Amino acid sequence: MEQLEQIREKIRACDDIIVGALAERMQHIQEIISYKKATGIPILQPEQEQKQTRALLNKLEGSEFAEFEEEILDIFKYIWKNSRRIQAKALFNYNIFLIGFMGAGKTTIAASLQEKLEMNRVEMDDLIVQKQGMSVSEIFDEYGETYFRNLESNCLIELQKQKQTIVSCGGGIIVRPDNKDQMKKNGRVVLLTAKPETVLERVRDSDERPLLNNNMNVDFIKKLMEKRRERYQEAADITVSTDGKTTSQICEEIISKLIALDNGSLQAPGA
Ligand code: S3P
């Protein structure tokens, strides 16, 4: 029994070393963020994690720890994941609202930002669908657009409670001017844009957008986009065009523009 306690004591000593090393590691993560912010180096460097994985595997291979390779790698994946979380906390202590026309890429970009930054994510349409137990098309058909817009506004008010969340909004969130103020209370608003032709390409196979169901053509998209243009621009803290760019390029552009905005080196429109 005494022997077991002695072994446990040794494990506790290891834990102390781990905690100390993790705390030091986290401080260095903060230093990296400050350095990247000051020098303008891209914040997201996915190749860095791959490099770290390779270096770790090289170290483990053939070593006395080789039999625990899988477990150790798993632990490090967690450490890296949490490093991303710490970076995001240091950078964005607020919610990020993605707005833009249907097919501008809000859902795709929100998912990618979530993965890269380990922030929370809410898909507003999904939240509404879940709560109502009906699809967006069914809500429009049964209760009409005004009812749907009320649900959207209520949803935004509820999201005030969330922190560090990426919210992918429905394309019509800017129809109600009040919604803009709700978003700005605890968040930054990112406008994603795309050409009408790109939008059509992205949404043509979906029947989940009641406004486009009988209007799947460039002309209609162009007109509705034009009608909403001013509202989108008024709401946006930053704007990022998505045409011809990869998901990673768009995410990096969002991150660097938000940082510039927070540093005061980019003026928010209307500021
Ligand atoms: C709408 C956009 C849709 C959805 C609803 C209305 C709009 O969201 O909320 O069909 O008015 O632009 P997505 O932009 O995610 O498609």
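Residues numbered from 1 in each chain as written. Predicted model: local features only at pLDDT ≥ 70, side-chain atom pairs only at ≥ 80, totals over all residues. Heavy atoms only, no water.

S.K.: Would you explain the domain arrangement of the protein in this entry?
M.R.: For interface size, the figure often reported is the accessible area lost on association. For the protein, the domain assignment lists domain 1 (2-91) and domain 2 (95-263). Here the C-alpha centre of domain 2 lies 35 Å away from the C-alpha centre of domain 1. Counting residues at the interface gives 10 residues for domain 1, matched by 12 residues for domain 2. For domain 1, the biggest contributors to the area lost against domain 2 are Leu44, Arg84 and Ala88; these three give 47% of the whole. For the interface between domain 1 and domain 2, the tally reads 2 salt bridges. (Domains from an automatic or database assignment. Contact = heavy atoms within 4.5 Å. Buried area = accessible area lost by both parts, 1.4 Å probe. Salt bridge = Lys/Arg side-chain N within 4 Å of Asp/Glu carboxyl O.)

S.K.: What exactly am I supposed to notice about the packing of aromatic side chains here?
M.R.: Each aromatic ring pair is specified by the distance between its two centres and by the angle formed by the two planes. Overall, the coordinates contain 4 aromatic pairs when judged by the stated rule. Taking 5.0 Å as the distance between ring centres and 45° as the angle between the ring planes, the aromatic pair formed by Phe140 and Phe148 counts as tilted. For the pair Phe140 and Phe148, a shared accessibility class is recorded, and that class is buried. Residue placement shows Lys81 over the ring face of Tyr78; its charged tip is 5.9 Å from the ring centre. Geometry around Tyr94 places Arg188 over its ring, the cationic atom sitting 5.4 Å from the centre. (Phe/Tyr/Trp six-rings, centres within 6.5 Å; stacked < 30°, edge-to-face > 60°. Buried < 20%, exposed > 50% of the residue type's maximum accessible area, 1.4 Å probe, protein only. Lys NZ or Arg CZ within 6 Å of the ring centre and 35° of its normal.)

S.K.: I keep staring at the side chain of Gln182 and nothing clicks. Help me out?
M.R.: Structurally, Gln182 is set in helix α8 (residues 177-185). Judged by relative accessible area, Gln182 falls into the buried class, the value being 17%. (Helix = DSSP H or I, 4+ residues; strand = E, 2+ residues; numbered from the N terminus.)

S.K.: Would you take a moment to explain the packing of helix α3 (residues 69-91) against helix α4 (residues 106-117) for this structure?
M.R.: Two packed helices can be described by the angle between their axes and the distance between those axes. Two numbers describe how α3 lies on α4: the axes approach to 7 Å, and their chain directions differ by 110°. Our classification of the angle between α3 and α4 gives roughly perpendicular. For the pair α3 and α4, contact is made by Arg84, Arg85 and Ala88 and by Glu115, Lys116 and Leu117, respectively. (Axes fitted to C-alpha atoms, helices over the stretch in contact; angles between N-to-C directions. Parallel < 35°, antiparallel > 145°, perpendicular 65-115°, else oblique.)

S.K.: I would appreciate a short explanation of the nonpolar core in the present structure.
M.R.: In a soluble, globular protein the nonpolar side chains are often hidden away together inside. Judged by nonpolar contacts, the single largest core of 34 residues is most densely connected at Phe97, Ile99, Phe101, Cys169, Ile173 and Met183. In terms of residue count, helix α10 (residues 218-235) provides more of this core than any other element does, 5 residues in total. Excluding residues that lie within four positions of it along the chain, Met183 makes contacts with Phe97, Ile99, Leu156, Cys169, Ile173 and Val189. Formed by 27 residues, the second largest nonpolar core is a distinct cluster that contains Leu91, Leu113, Leu117 and Ile254. (Core = buried A, V, L, I, M, F, W, Y, C linked by side-chain atoms within 4.5 Å.)

S.K.: I'm lost on the pattern of salt bridges in this one. Help?
M.R.: Where side chains of opposite charge bring their charged atoms close, a pairing between them can arise. Scanning the entire structure with this criterion turns up 17 salt bridges. With a shortest N-O distance of 3.6 Å, Arg12 and Glu5 are connected by a salt bridge. According to the relative accessible area criterion, Arg12 is partly exposed, its value standing at 41%. The shortest N-O distance in the salt bridge between Arg204 and Glu201 comes to 3.3 Å. A network of salt bridges, in which partner residues are shared, links Glu5, Arg8, Glu9 and Arg12.

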